[in-house]
Each structure stands twice: as C-alpha cells, then as structure tokens.
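So you can see what is in the structure, the chains are spelled out below.
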Protein chains: 2
Amino acid sequence: MYRTHNCGELRLNDLNQDVTLSGWVQKSRNKGFLLWIDLRDRYGVSQLIFDEKRSSKELFEKAKKLGREFVIQVEGKIIERSSKNPNIPTGDIEILVSNLKILNSSKTPPFTIENNTDGGEELRMKYRYLDIRRDTIKKKLLFRHKVNSEIRNYLSKLDFVDVETPYLIKSTPEGARDFVVPSRMNPGEFYALPQSPQTFKQLLMVGGLDKYFQIVKCFRDEDLRSDRQPEFTQIDCEMSFVTQEDVLNTFEGLTKHLLKSIKNIEVDKFPRITYDDAISKYGSDKPDIRFGMEFGELNKVTQHKEFSVFNSAELVVGISVPNGNDFTRKEIDKYVDWVKRPQIGASGMIYVRCNQDGTFKSSVDKFYDQKDLSDWADLVKANKGDIIFILSGNTNVVRSQLSALRLEIAENLNLRNSEEFAPLWVTDFPLLEWDEESQKYHAMHHPFTSPKNEDIDMLETNPGRVRANAYDLVLNGNEIGGGSIRIHDKNIQSLMFKYLGFSNEEAKEQFGFLMDAFEYGAPPHGGIALGLDRLVAILDGNESIKDYIAFPKNNSGKDVMIDAPSFLSKEQLKELSLSLKK
Amino acid sequence: MYRTHNCGELRLNDLNQDVTLSGWVQKSRNKGFLLWIDLRDRYGVSQLIFDEKRSSKELFEKAKKLGREFVIQVEGKIIERSSKNPNIPTGDIEILVSNLKILNSSKTPPFTIENNTDGGEELRMKYRYLDIRRDTIKKKLLFRHKVNSEIRNYLSKLDFVDVETPYLIKSTPEGARDFVVPSRMNPGEFYALPQSPQTFKQLLMVGGLDKYFQIVKCFRDEDLRSDRQPEFTQIDCEMSFVTQEDVLNTFEGLTKHLLKSIKNIEVDKFPRITYDDAISKYGSDKPDIRFGMEFGELNKVTQHKEFSVFNSAELVVGISVPNGNDFTRKEIDKYVDWVKRPQIGASGMIYVRCNQDGTFKSSVDKFYDQKDLSDWADLVKANKGDIIFILSGNTNVVRSQLSALRLEIAENLNLRNSEEFAPLWVTDFPLLEWDEESQKYHAMHHPFTSPKNEDIDMLETNPGRVRANAYDLVLNGNEIGGGSIRIHDKNIQSLMFKYLGFSNEEAKEQFGFLMDAFEYGAPPHGGIALGLDRLVAILDGNESIKDYIAFPKNNSGKDVMIDAPSFLSKEQLKELSLSLKK
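The model shown is predicted, which means the values in this text are computed figures rather than measured ones.

The rules we used
Residues numbered from 1 in each chain as written. Chains lettered and ligands numbered in written order. Predicted model: local features only at pLDDT ≥ 70, side-chain atom pairs only at ≥ 80, totals over all residues. Heavy atoms only, no water. Helix = DSSP H or I, 4+ residues; strand = E, 2+ residues; numbered from the N terminus. Buried < 20%, exposed > 50% of the residue type's maximum accessible area, 1.4 Å probe, protein only. Contact = heavy atoms within 4.5 Å. Areas by Shrake-Rupley, 256 points an atom, 1.4 Å probe, with all protein chains shown as cover. Lys, Arg positive; Asp, Glu negative; His and termini not counted. Charge placed at Lys NZ, Arg CZ, Asp CG, Glu CD. Least-squares fit on C-alpha atoms with pLDDT ≥ 70 in both. Buried area = accessible area lost by both parts, 1.4 Å probe. Salt bridge = Lys/Arg side-chain N within 4 Å of Asp/Glu carboxyl O. Polar contact = N/O pair within 3.5 Å; in protein donor to acceptor, adjacent residues only side chain to side chain. Pairing = 2+ DSSP bridges. Domains from an automatic or database assignment. Axes fitted to C-alpha atoms, helices over the stretch in contact; angles between N-to-C directions.

J.: Go over the overall build of chain A, please, and point to the residues and values.
T.: When helices and strands are tallied, chain A shows 17 helices and 23 strands. Once the C-alpha set of chain A is aligned to its principal axes, its extents read approximately 90 × 75 × 55 Å. Out of the 582 residues in chain A, the part that is buried amounts to 58%. For chain A, the share of sequence-separated contacts (at least 6 apart) that also reach a separation of at least 24 residues comes to 66%. Only carbon and sulfur atoms are counted for the fraction: they give 46% of the accessible area of chain A, which is about 24,400 Å². Here chain A holds 80 positive side-chain charges and 88 negative ones, and the gap between their average locations is 6 Å.

J.: Outline the relation of the copies chain A and chain B, supporting the account with residue identities and numerical values.
T.: The operation relating chain A to chain B is a screw motion whose rotation component is 180°, with 0.0 Å of axial translation and a residual RMSD of 0.1 Å. A rotation of that kind, with that shift, is consistent with a two-fold axis.

J.: How would you sum up the interface of chain A and chain B? Please name residues and give values.
T.: In this complex, chain A contributes 124 residues to the contact, which on the side of chain B involves 124 residues. Summing both sides of the interface, chain A and chain B together bury roughly 11,000 Å²; the carbon and sulfur share of this comes to 58%. One salt bridge connects aspartate 221 of chain B with arginine 184 of chain A, and the closest N-O pair in it is separated by 3.2 Å. Inspection of the chain A/chain B interface yields 62 residue pairs in polar contact (both at pLDDT 80 or more). A total of 10 residues in the side of chain A that touches chain B trace back to one element, the largest contributor, which is helix 4 (residues 135–157) of chain A. Where strand 23 (residues 578–580) of chain A meets strand 23 (residues 578–580) of chain B, three bridges bridge the pair, whose relative direction is antiparallel. Looking at strand 23 of chain B, one finds that leucine 578 of chain A is bridged to leucine 580 of chain B.

J.: So what's going on with the domain arrangement of chain A? Residues and values would help.
T.: Interface size is often expressed as the accessible area that is lost when the parts come together. Taken domain by domain, chain A holds domain 1 (12–104), domain 2 (138–169 + 195–272 + 422–571) and domain 3 (291–412). Computed over C-alpha atoms only, the centres of domain 1 of chain A and domain 2 of chain A are separated by 50 Å.

J.: Give a description of the pairing of strand 2 (residues 34–41) of chain A that names residues and reports values.
T.: All names here are of chain A. Of all eight residues making up strand 2, eight are buried, and the element is well covered by its neighbours. Alternating residues of strand 2 divide into Leu34, Trp36, Asp38 and Arg40 and Leu35, Ile37, Leu39 and Asp41, and every residue in both groups is buried. Relative to strand 2, strand 1 (residues 18–30) is paired through six bridges, and the arrangement is antiparallel. Bridging from a neighbouring strand, lysine 27 pairs with aspartate 38 of strand 2. Of the pairings in the sheet, the one linking strand 2 to strand 3 (residues 44–51) comprises eight bridges and is antiparallel in character. By the bridge assignment, tryptophan 36 is partnered in strand 3 with isoleucine 49. Hairpin connection between strand 2 and strand 3: a loop of two residues separates the two successive antiparallel strands.

J.: Please set out helix 16 (residues 532–539) of chain A residue by residue, giving values where relevant.
T.: All names here are of chain A. Here helix 16 lies mainly inside the structure; seven of its eight residues are buried. For helix 16, every residue scored as buried is listed here: Leu532, Asp533, Leu535, Val536, Ala537, Ile538 and Leu539. Glycine 541, located one to two residues past helix 16, shows a positive phi value of around 85°.

J.: Describe the sheet that holds strand 17 (residues 423–427) of chain B, and please don't skip the residues or the numbers.
T.: All names here are of chain B. Within the open sheet, the eight strands sit side by side as 6-9-10-22-21-20-17-11. Their pairing is mixed. Here the strands that pair on one side only, and so sit at the sheet edges, are strand 6 (161–162) and strand 11 (272–274). In terms of strand pairing, strand 17 meets strand 20 (residues 470–475) through four bridges, oriented antiparallel. Its bridge partner being in strand 20, leucine 424 is matched across the sheet by valine 474.

J.: How would you explain the environment of proline 89 of chain A if you had to name every residue and give the values?
T.: Residues and elements named next belong to chain A. With respect to the helices, strands and loops of the structure, proline 89 is situated in the loop between strand 4 (71–80) and strand 5 (93–104). For proline 89, a relative accessible area of 57% corresponds to the exposed category. Considered as a pair, proline 89 and glycine 44 are 45 residues apart in the sequence and their alpha carbons are 8.3 Å apart.

J.: Just give me the short version of the sheet that holds strand 4 of chain A, but keep the residues and values in it.
T.: All names here are of chain A. If you trace the five strands once around the closed barrel, you get 1-2-3-5-4, paired in mixed fashion. Across the sheet, the mean angle separating the axes of adjacent strands is 55° when strand polarity is ignored. Summarising the sheet, strand 1 and strand 4 pair through seven bridges and their orientation is antiparallel. For tryptophan 24, the partnering residue across the bridge sits in strand 4 and is valine 71.

Next up, the structure:
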C-alpha cells in the first residue's frame, strides 16, 4: 500500500494520526536544522517536516538530497503547524516524517511546475505530461470531466440513448476534407474518419431509437487556424417526432443545467434572434450580447448632404460606445487606425462625440449640422457622454468591419466578462450559400437540412433567400452548437440534391444508403451538435480550447510530444498497396 | 407538437384522455367494420381502433390504406379494450382515433420487423436501420447504454477522471497492425489510429492525474475472425500509487456493481487462480468455472503398464463428466470423433465408465485393472455414474484439446447457464512468450508490463519462466479484461526493451517520449482495460458481440450498408501525395 491518505485531505482533526503519503516533491525549504518539503499529488499539497532533533540523522540527510519532482513515499505523524498557511486546505497541519522512501528520481524539469510557468508553449507541448502536473492544466482537465458527466447524466435522464457510431466510414466529398484510412484487406480502397456522425444519427432515427446522443471525436483535414484541431469532440444529438421548438427547449434545458450545476448561475429563457436580424444588428451570426452597442443603420439620415463617402455607400452604419466621449483624440485615432489595418480593411471612420450638454462634435461637421447628428444619435441609441463610430461601404463588408470593431472596443472596455454568460439562439439561417469558387450554391448547414415550408417555392426563383429550419446556439459571442430539423421526405431530399448541383448518380453514389433509408418510413427528426472543447473552455471563462485537451496538436497538425505524423516503413506501405508520390 | 405521450406509457387510469401519438404501423387487422392498428415506437406499442360507426368514412378509408412501417400521427381518446392483452403494458387500453395524419409512407421492408425476423444476416446488415427497429436489437443497444452509464458513474464516484486521448497518433510496429491515416499537411507522413491508449494513459499517470478512465474506440487492422471487429470499444483505466491488489479490488468492485445494478445478482469475492494453475487445471487461461470438470493429471498412474500410447505421452490428462455414464456408446463415439476432427486434432480418446456399483469399465481394460482405474477416478474426482475422458500427447496440445472438449460437453449438458455469472481473476501471467516465426520473445501483455521482483534475475537465465504483474478478468470463460502493474523505472524499462530484442535506437525511435517521461518522476502505476463490446454481450447473456454494436462491420471489415471502404477520387489521392500500387 502506497498511501493511507492523499495529499489534499488531512486537517487539524486528523492530528496525531500516523499516515502514509505518496507524491511529488513540489519544493523544499532548508533552514539548516529544519527542512520542509511540499508534497504534491492530484488532490493537493501537504507539508512534510524533517527536524535535526526529532528526525534521525540518516533520514535528515536523505531528505536534504531530494530534488524537485522526485516521487517519494513517507510515513509520519500529523502535527499542528507553528506557522499556519490559510491559503491551502491542509495549511493547519504538517507531517513529521519518520520514514522516507524514494519511489523514483527526476531530472530537473525543463520548466517549472507552477501555475505561472517559465515554459513557452512549444516546450510545454513537448513535455505535456509535465505540463499536466501544473494545477492550472490539471484543473481544466478535471473541469472538462465534470461538464462531460453532467451532460451525459442530464441527457440520459431525458431518455437519450448513447449509441456509438462507427469511426471507419465512407468518404464523401461534401464539406471539409476527410481524413482517410487505407484498407489493407481491400486493396486500393479507403475508409474515412467521420467529420460528424450526421448520417448515422439520422439512420438511428429511421431505426426508431427516438433520442440519441454521443460525445464523440470528429475529424476534419482542414488547414488549421490558431484555435482549431484536426480532431475535436462533439456532443452529438438527434430526436424524432420533434419540431424546432422541441429541440431548442431541450438543449436550452441542458445549457441551463450546465450553467446551474457547474457555475451556479441561473439564466432566464434564452433570447432568440433571426439570422437576418443578427447580421443587421451585430454584423455577425454569433453576436456577443453581454453588452449593447447594437448597430444603427444611417443611410436615410446621412445620404442627404454633400458627403460623397456616405452618399456612394451601400450601407452607412454606426455604433454608440458607452462613455466613449471620454476617449482622448489619441484613443480615437487608435481605433481609426485599427479599422484601417489590412485585417479589417476599412478606408476610414467617422466619429461623433456626444457631449454632456447635448451638443455633438463630429469629424464631419463640415457636412452635417447638429440636427443631423442628433438623428444619428437617436438611431444608434447614443446617450450623452457616448461616442458614435460610423463606417460605410459595401453592406456585407462594412457589417463585418463594424462587428470586429464592436468586439475590440468591448474587449478594451472590459465589457466581455468571462464570468457572465449570455446565451442566445440564432434561428432561420439561410438554407444555401453562394460559393464564388465553384459558382454554385452550397448547403450552409448540410444537405439534409430542411427548408422552411413557406420558402420552398423560392428554391426555383430565389434560392439564396430560402430560409432553413436551422439554428445555432451562441454563448458569449461563440457558436457553441448548431443544428436543424432534417428533411425526412425523399422527394424534398431529391430536390435539395438537385439544387445543390448533384446529379442523380452523384447523390446515389454518396448518399444512396440514406436515400434508401428514407423510403422505409423515416420519422420527422432533427437535432443539434455542440462543440465540447469550446463549450468547456467558455464555461470555464476561457476562449482558447488547447488547454482543455489533454494532448492537443499544434497548428501544423503535429503532436510534438510523440512526433506524429511520421513516416511509415516500406513494408507497411507495401502491405497497404500504396506508394508515395514526390 | 407531434405527440402528447409515447406508445408505451398509456394505462387504464389514463382513460378518456385525449392524446396524440406518433409512431410506426407495426401491423393492422381489418375485420371489415373494425380496424385495429398496432402503433409502435421505441417505448412500446399502443393499439389504435377505427370503427365504421364511430369513425368518419374518410378516416376509416384512410386507415385501411396504411401499410406496414408507415409513419403516422393520430389524435384520439383512450378507451378500455373489450378484449385485453395481458402480455403488453398498454394491453388494457386502446385509442379510438379521431384524426390521422400520414407523416411518411414506407416501401415494404425487405424483412419483417419482428423479434423473429425472416431476414438473413447479410440483409439485416444492409438495412441495419430497419434491423434496429426490431425490439431485440433495440433492447441490446439500450442495454449497452445502461452498462456504459453505470460504469461511468461508478468510476467517476471513485475519482477516476475521464480524459480523451488522441485518435491521430504515431504508428508503432509492436503488436497487431495499425490502421494508418495519411497527413495531407505533412506529405508522405502518416498518423496511426490507436490500438489502445496505453502510452497516453501512462503519460497521464506521469502527469499526476492519479486515476484515469475512458470508454474509447480502439482499432486493429487484423484479419478478422468471426467475432472480431476492426474497431472496438475499450473501458480503459489506469491508477497511480497502486499495487496489483489495489487494481484487482477496484475492478472487482466495478464488476460486482454492474452485476448488482444491471442483473440484480450478488457475487462473493472473486476467486483467483494463477496462470500456471489455470493452464494445468483447465487447459486455458480463461477458464469457464460455472461448472467443474477440472483436469486430473494421470502420468503417474498410467505410465506403469504396457500401454504405449500413454507411455510415450508427455502428458496424460483426464476429466470426469458428471453423470456421463448415462452416455450411450453412440454418444461416446460422437465425442471421440469430435476430438479427432482436424480443428481439435486428437488422435483418439480413452474413456472409463464409473458404474453405480463402484466398478469401472474402460476402453483400455486390456492394459489396466480396476485398481488402476480407481486411481484415475480419484485424480479426476469422478463419482459413481460419471464417465472419464482421457487424452494424451504433447502437454500444450493435449491441454488445449481437453479444454475444448470440456467446453463442448458443458455446452451440450447445458452447464453454461447464461444467467449465471462466474467471474475469476487469472494472475501471474508469463512476462514473455516465445514467437516461433521471429524466433524471439515477445511481451505477452505489452512491453511496459513489470516483471515480478523475485523473478527479475531469471530474465537472463530463463526468460520464459519470468512471471509478470499481469492479470486478466475472466467472466464465464471469456477474457473480458486484462492489465498489469507497469514498469515505472527507466532502467528496468531499458532492460525489457533489450530482452524484447529492441536496439537502443529502435526503442528510442518508437517509445522515446515514454522513456523520456520516465526520467521526470514517474509514479508507480498500473491499470486494466476491459472490452466493452464483449462485457455487455456477456452481461446480457450472449456471446456474440455484433448485435451490441449499432453499425458493425462484416468479416471482411466492410460496412455493407454504407459501402465502406471504397475508392477515392484521383484528386483526393493526389492531395494526399499517394498513388496505388497494383
């Protein structure tokens, strides 16, 4: 037996007990005649004391030689500390050690195992097993487990059944690139790793399982952006005999349960906004609504004067920054420069100061009078003491520029409080989106998403305006989930494939099994998939997902710790009937 | 809203309620003036009634046209059945339908959606989504979910933390073949899919997570035997600061909890047997101990006479079949023929009838007297009325032949009761096993398994006799799990690699990151992995795993429903820098 207790559980009322502890040497303090060691394990830190008087000489000498991260086992008696540490739960006691066994030695770690480490990201990733010893990373992994458990138990209680769908499936050219897996037993053929279990969960509904969930790894061979992973985890759900309302209520319930059980936060009914409104009010389909600064469209009240910048613009749109009139000229210029950076790409920005006396001072006073500026202030809901920022240009471009500015300002003004949670449903997404490259419409969500009944006729006449029964769950400006009511009618499904530019043969080749399934009594069904990595990070008050993944990959898709991917042996390639192209 | 209730919950005390139900038409019975329809969903079956008098003509005609597996929604009132069905929970009531909506039609299914279907395995697999509608398959998937939930909650309560390890890892030539995944971003390089998260769980222990579990898919590119799958699910666990005793007790606790919570069966402390004893008593390292028939070794009492078959044998070994003296001559001959089949390969079998009067009658009476036969009977623990079967030959061969015969007889005599559960720990497995093909020793469990301290010296002198701190959990003759205490000392690990024939470079190339990790204070640790697919099947009284997997692959590793694996497009291959060899 290696221990009677862990390093986090001993208290004053355990005094005088004989205990055995095991753990890592966090640090030691040597006072010459006294030696303290902080012994660490997953559960906490306990202080060990060695004493020239009370410890044997041999034991004292052995203890002096312990290095950081040595693994040791000690026997001793719990005594009261003379100088208590109120910052840790075990801070009232220490263990007077009578026996010490070194279970394993350690080289000096390449970075300090402390919350604020001196290790850079690359070093931390190479020695991820040491990084995980740090309290800050360890807690994030434990937090993820807690969220995971709460989700499973909540959904299980609602009769959702956890079904494992296959990982070795069929490659489909739709959407992002698949990772593929050569089949040795079927030379020349490949499996694909799932981008999501989409078709399988629909087949489970056809199979009558009624409510399905799975917390499942998914794979996308995409060029990686900074916070994307080639493998990621999805909370994948599907329900039969449901309307959009049923799905939204169910997963609003789940999200509320998580906020309550994990963060002890009660949230009212989630607001809902249509995609069109989100775009015009926030310039984004995943608006952060922890703060205001809604867009005000100003075409009507700006295009009647001689200011050609506005007059030639498709859209003139502004936001009001609370108390922004406090900005110095230098601060304003900084924001003007910020929107003119190539990443944002605005050609300039107009501002209007809203003075406390009700007057306005703008950078376009030459063109507009106080009445004009007052109209603008009304439309962007500016108060005295605010500042109004106005951009103009092509509608889509200018909305996304102003959306970026809105978030930047909120960040700077500390309006994005990570312990505040503002969930939001965005509904009525467009069914299709135009792809410039292929010059055709693509499914915005996926090809199984149902169009709104009242819009079906527009598929012929105005496909870009057809709305879908599709919805996203947005939390603090992040899309944490999305779903839809699916098509269960094979005729509508065929129509969809037609409008997506699939020939009958292509549709049959790629989705034949699903279309077949729809011939045998598919029930109405719909669902949602939530990104677990991001959900966990946001619930824990962070936006970066990497530290919530035990062994993440870097931006080149590499695991630098195990050195993967790597080259295969010639024999392996031969067995797979493959050769490499230069 | 598609339904107010499901099809399994309505009872007599819901009488006169107006309800809405949705589901599938299981079958209809048309009496001309009365029409009953069994409406099915995941939760049960409710009877609908349409009536020439009480239903509108239009409704009645519409109902008559409904085919099997049509998806419908009905509104109606709950009434009491005149002829009740005590076999189903909803059997006291029926729904007098006032409104009927066809949600989807259905072609005639290729096989009947009944517990006893007329569909063969291949057809069922091709239309797995229809197969899942059958109660028998659906219940198996729900059962799996229940086992899964119980495991997670039990381990979570014990502070095990669920950590997701990566699926895209590094290929290692050790053990079975890896499935590999070409990396597009790193041309010519490949990931591998994990055969198990073995190294990652050990790194999590080095990382201080203390107790880890994961229910995780694993992959092996093996030639498939009848009941193996290329992807399978493992309950993967690891603990730090533990001895073998700690691990066995923890997972004995889990298994007991499952038997209690799922089957309501209490099991005493699990018996333990060493590998050597299991082999000599049962000829198997996964003995089924629901019944006796232990081996009796007979060399001493058989090799003193003129019977050259026994005299020339390395091992003479027998079992006593309870009440086997009732076997007819024909039945005995059938068993003699059975062991002589090429799959078993015995050259013959000796039997001894144990008569009720205490005398013996054997097939070798020419060579042995009653005293000899009585000695044999003692050694195989035969009672009056039993029959003794004896095989002889090479020790390993004859043990495995007799083991097969023992199971065959038990099967025929119904001694393998699938509702009886006899768990067993097999301990002290050999560390190494000799591989004829490569003419070297292989790790029996894996190269991280620790040798028993007292046997380490034999690594030089008698490696085949070195025992490991390795154990298997056996349930009803099936290995459902195996594990070991790992090596945490880098010197012993290096020694192991040396005896396994790895050069320093090979070891570093393949396991360098793990050996590095062991330099930084690896704690003593050990663990176990249980096969979820098989565990679930056995708990449910079955031995075949296929129907406990929603979408299994066939024996060629193919998913015949989605038609995977399949060929890639030229563009896909090109992007992956691959070409196919003929």
